[in-house]
Amino acid sequence: MTTLLTETHTWISAVCRQFSDATGWPLEYTRIDPALSEQQEAKLQNSSECCWNSVVHDGDERIGFLHISLPEESSVDRSFLTICKLAEIFSDLLNKFVSASNSLESTANEVRALD
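Source: prediction; values computed, not measured.

Explain the environment of Leu27 here, please?
Along the chain, Leu27 turns up in strand β1 (residues 27–31). Residue classification places Leu27 among the buried positions, given a relative accessible area of 4%. The sequence separation of Leu27 and Ala42 amounts to 15 residues, and the corresponding C-alpha distance is 18 Å. With near-sequence residues (within four places) excluded, Leu27 lies in contact with Cys16, Phe19, Ser20, Trp52, Leu66, His67, Ile68 and Phe90.

Hey, could you run me through the side chain of Ser37 in this one?
With respect to the secondary-structure elements, Ser37 resides in helix α2 (residues 37–46). One polar contact links Ser37 to Arg62, side chain to side chain, over a distance of 2.9 Å. Apart from residues no more than four positions distant in its own chain, Ser37 is found in contact with Ile32, Arg62 and Phe65.

Would you explain the nonpolar core in this entry?
Soluble globular proteins tend to bury their nonpolar side chains together. In terms of nonpolar packing, the biggest core is built from 18 residues, with Ile12, Leu27, Leu66, Ile68 and Phe90 touching the most fellow members. For this core, the secondary structure elements donating two or more residues are α1 (3–23), β1, β2 (50–57), β3 (62–69) and α3 (80–114). In this view, Leu66 contacts Ile12, Cys16, Leu27, Glu28, Tyr29, Trp52, Asn53, Ser54, Val56, Phe90, Ser91 and Leu94; residues no more than four positions away in its chain are not counted.

Can you walk me through the pattern of salt bridges in this structure?
Pairing between side chains of opposite charge can happen when their charged atoms approach one another. Taken as a whole, this structure holds one salt bridge when the rule is applied. Here Glu41 makes a salt bridge to Arg62, at a shortest N to O gap of 3.1 Å. One end of the pair, Glu41, is in helix α2; the other, Arg62, is in strand β3, and 21 residues separate them in sequence. Its relative accessible area of 18% is what places Glu41 among the buried residues.

Just to check I follow, could you spell out the side chain of Ser69 for this structure?
For Ser69, the position within the fold is in strand β3. Take Ser69: its relative accessible area is 17%, and that puts it in the buried class. With sequence-adjacent residues up to four places away left out, Ser69 is seen in contact with Trp25, Pro26, Glu28, Glu49 and Cys51.

Quick question: what am I supposed to make of the pairing of β2 here?
One ladder, built from seven bridges, connects β2 with β3; its direction is antiparallel. Its bridge partner being in β3, Asn53 is matched across the sheet by His67. Two successive antiparallel strands, β2 and β3, enclose a turn made up of four residues, where Gly59 displays a positive phi of approximately 95°.

I would appreciate a short explanation of the packing of aromatic side chains in the present structure.
The geometry of two aromatic rings is summed up by the distance between their centres and the angle between their planes. This model, assessed by the stated rule, comprises three aromatic pairs. Seen in terms of ring centroids, Phe19 and Phe90 are 5.4 Å apart; in terms of plane orientation they differ by 45°. Their pairing is tilted. Of this pair, Phe19 sits in helix α1 while Phe90 sits in helix α3, and the two are 71 residues apart along the sequence. Comparing Phe19 with Phe90, the two get one shared label, buried. Their ring planes at 45° and their centres at 5.8 Å tell us that Trp25 and Phe80 sit as a pair that is tilted. Linking Trp25 in the loop between α1 and β1 with Phe80 in helix α3, this pair joins segments that are 55 residues apart in sequence.

Analysis parameters
- Residues numbered from 1 in each chain as written.
- Predicted model: local features only at pLDDT ≥ 70, side-chain atom pairs only at ≥ 80, totals over all residues.
- Heavy atoms only, no water.
- Helix = DSSP H or I, 4+ residues; strand = E, 2+ residues; numbered from the N terminus.
- Buried < 20%, exposed > 50% of the residue type's maximum accessible area, 1.4 Å probe, protein only.
- Contact = heavy atoms within 4.5 Å.
- Polar contact = N/O pair within 3.5 Å; in protein donor to acceptor, adjacent residues only side chain to side chain.
- Core = buried A, V, L, I, M, F, W, Y, C linked by side-chain atoms within 4.5 Å.
- Salt bridge = Lys/Arg side-chain N within 4 Å of Asp/Glu carboxyl O.
- Pairing = 2+ DSSP bridges.
- Phe/Tyr/Trp six-rings, centres within 6.5 Å; stacked < 30°, edge-to-face > 60°.

In structure tokens:
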């Protein structure tokens, strides 16, 4: 695993905590284990605790999953549809950022190889 990918996983986890703090809805990030990818996805989709999930990709491959659990405070339950839409936007932006970072790293490696 490259340093950039490790930093990306750490950054994603940190922004998920910020999302959770801001909304009251627990957004978490789970790294994909290449050997268990399908099982991880099935577990999220079949979990009664998970009410929304999305794949995170770097432009080449899937690197993790975002998933939201129900909040502990029932008073924020009524914002479910709004939070799902916000999480979709967040996921799209996150995927674009991770893809761009991966592309930039690949281009930098190609340029270094030419030197």
